[in-house]
Amino acid sequence: MMTLTEFNTVPRYRAEGELIQVCASRAWVRAMAGRRPFGDLDRLQRAAREVWWSLDETDWREAFEAHPKIGDTPTNGWSAQEQSGVRRSGAGVATDLEVANREYLAKFGYIFIVCASGKSADEILAMVRSRMANSAEDEIRIAAEEQVKITRLRLERLLAS
């Protein structure tokens with residue numbers, strides 16, 4: 001965690017090191033570090049969204065690849081916190097999530113992306129099943145919007161003072 005003032009003034013390499021934990025698209029990280037300084041968190045959040053939507057699908061997929069699959073054991077603290085509702089699920093739901101994750105990956109070519117904060121395993125399982133009916137074009141946009149939600153929460157955590 002750091003303050004916005006610290007984030008604005010640290011060397012670029014350090015800002016990029018923090019931002020890559022927020023969103024693993026290297027293009028997003030470089031663009032965001034280059035836009036500093038930010039006057040307040042709202043401006044930072046607006047810039048994060050603008051930069052994200054200016055990227056292409058390859059950049060989005062790069063960010064998606066850094067996430068653990070829903071139900072897998074997260075390796076970073078933020079993912080673990082975000083998926084805490086899933087870890088409390090029973091074995092049956094965990095197995096169903098594993099199967100749904102495999103089916104989603106086979107259909108769309110990337111892991112299921114959802115802002116899992118505050119959601120139970122049952123809710124997420126219903127979401128992945130529902131989203132399986134989407135076209136590839138619709139689903140990539142939905143996944144990208146979920147990444148925006150994740151990024152917003154992580155930027156808030158990064159700059160919590």
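Check the entry above for the structure.
From a predicted model like this one, the values you see are computed outputs, not experimental measurements.

K.L.:
Explain the overall build of the protein chain to me, please; I cannot follow it from the model alone.
P.N.:
Scanning the protein chain for helices and strands turns up 10 helices and zero strands. For the protein chain, the residues scored as buried account for 47% of the 161 residues in total. When contacts within the protein chain are restricted to residue pairs at least 6 apart in sequence, long-range pairs at least 24 apart make up 69% of them. Summed over all atoms, the accessible surface of the protein chain reaches about 8200 Å², with 49% contributed by carbon and sulfur.

K.L.:
What's the story with the nonpolar core in this structure? I'm lost.
P.N.:
As a rule of thumb, nonpolar side chains are buried together in soluble globular proteins. Core analysis: the biggest nonpolar cluster contains 50 residues, and Phe7, Trp28, Met32 and Trp52 have the highest contact counts within it. Only α1 (4–9), α2 (12–22), α3 (26–35), α4 (41–54), α5 (57–65), α8 (91–108), α9 (121–131) and α10 (136–158) provide two or more residues apiece to this core. Ranked by the residues each element gives to this core, the list is headed by α10, at eight residues. Look past the residues within four positions of Phe7 in its chain and what remains in contact with it is Met2, Ala15, Leu19, Arg36, Phe38, Leu44, Leu158 and Leu159.

K.L.:
Looking at this model, I keep getting lost on unusual backbone geometry. Mind explaining?
P.N.:
The phi torsion of most residues other than glycine is negative, and most of the peptide bonds are trans. Residue Pro37 is reached from Arg36 by a cis peptide bond, and omega for that bond is 5°. Within the fold, Pro37 resides in the loop between α3 and α4.

K.L.:
Sorry, what's going on with the packing of α4 against α10 here?
P.N.:
For any two helices packed against each other, the geometry is given by the interaxial angle and the distance between the axes. Where α4 meets α10, the closest approach of the two axes is 10 Å, and the angle between their N-to-C directions is 155°. With respect to each other, α4 and α10 are oriented roughly antiparallel. As for the relative orientation of α4 and α10, their crossing is right-handed in sense. Here α4 contributes Leu41, Leu44, Gln45, Ala48, Arg49, Trp52 and Trp53 to the contact with α10, which in turn contributes Arg141, Ala144, Glu145, Gln147, Val148, Thr151, Arg152, Leu155 and Glu156.

K.L.:
Would you explain the environment of Ser135 in this entry?
P.N.:
Residue position: Ser135 is located in the loop between α9 and α10. Taking the C-alpha atoms as reference, Ser135 lies 8.9 Å from Phe108; in sequence the two are 27 residues apart. From its side chain, Ser135 meets the backbone nitrogen of Asp138 in a polar contact 3.1 Å long.

K.L.:
Would you mind going over the packing of α2 against α3 with me for this structure?
P.N.:
For the pair α2 and α3, interaxial distance at closest approach is 9 Å and the crossing angle is 135°. Taken together, the axes of α2 and α3 lie oblique to each other. Read as a crossing pair, α2 and α3 show a hand that is right-handed. Contact residues: Arg12, Glu16, Leu19, Ile20 and Val22 in α2; Arg26, Trp28, Val29, Arg30, Met32, Ala33 and Gly34 in α3. A breakdown of the residues in the contact of α2 with α3 according to their chemical character gives seven nonpolar, one polar and four charged.

K.L.:
What is the right way to look at the pattern of salt bridges in this model?
P.N.:
Side-chain pairing between opposite charges can occur once the charged atoms of the two side chains come close. Within the structure shown, the criterion is met by 10 salt bridges. Residue Glu16 is joined to Arg12 by a salt bridge in which the shortest nitrogen-to-oxygen separation is 2.8 Å. Highlighted residues: Glu16 and Arg12, both in helix α2, separated by four residues, approximately one helical turn. Classification of Arg12 as partly exposed rests on a relative accessible area of 39%. Linking Arg131 and Glu139 is a salt bridge whose minimum nitrogen-to-oxygen distance equals 2.5 Å. In this structure, Arg131 and Glu139 share a single accessibility class: buried.

Calculation rules
Residues numbered from 1 in each chain as written. Predicted model: local features only at pLDDT ≥ 70, side-chain atom pairs only at ≥ 80, totals over all residues. Heavy atoms only, no water. Helix = DSSP H or I, 4+ residues; strand = E, 2+ residues; numbered from the N terminus. Buried < 20%, exposed > 50% of the residue type's maximum accessible area, 1.4 Å probe, protein only. Contact = heavy atoms within 4.5 Å. Areas by Shrake-Rupley, 256 points an atom, 1.4 Å probe, with all protein chains shown as cover. Core = buried A, V, L, I, M, F, W, Y, C linked by side-chain atoms within 4.5 Å. Axes fitted to C-alpha atoms, helices over the stretch in contact; angles between N-to-C directions. Parallel < 35°, antiparallel > 145°, perpendicular 65-115°, else oblique. Left-handed = near helix turned anticlockwise from the far one by under 90°. Polar contact = N/O pair within 3.5 Å; in protein donor to acceptor, adjacent residues only side chain to side chain. Nonpolar A, V, L, I, M, F, W, Y, C, P; charged D, E, K, R; others polar. Salt bridge = Lys/Arg side-chain N within 4 Å of Asp/Glu carboxyl O.

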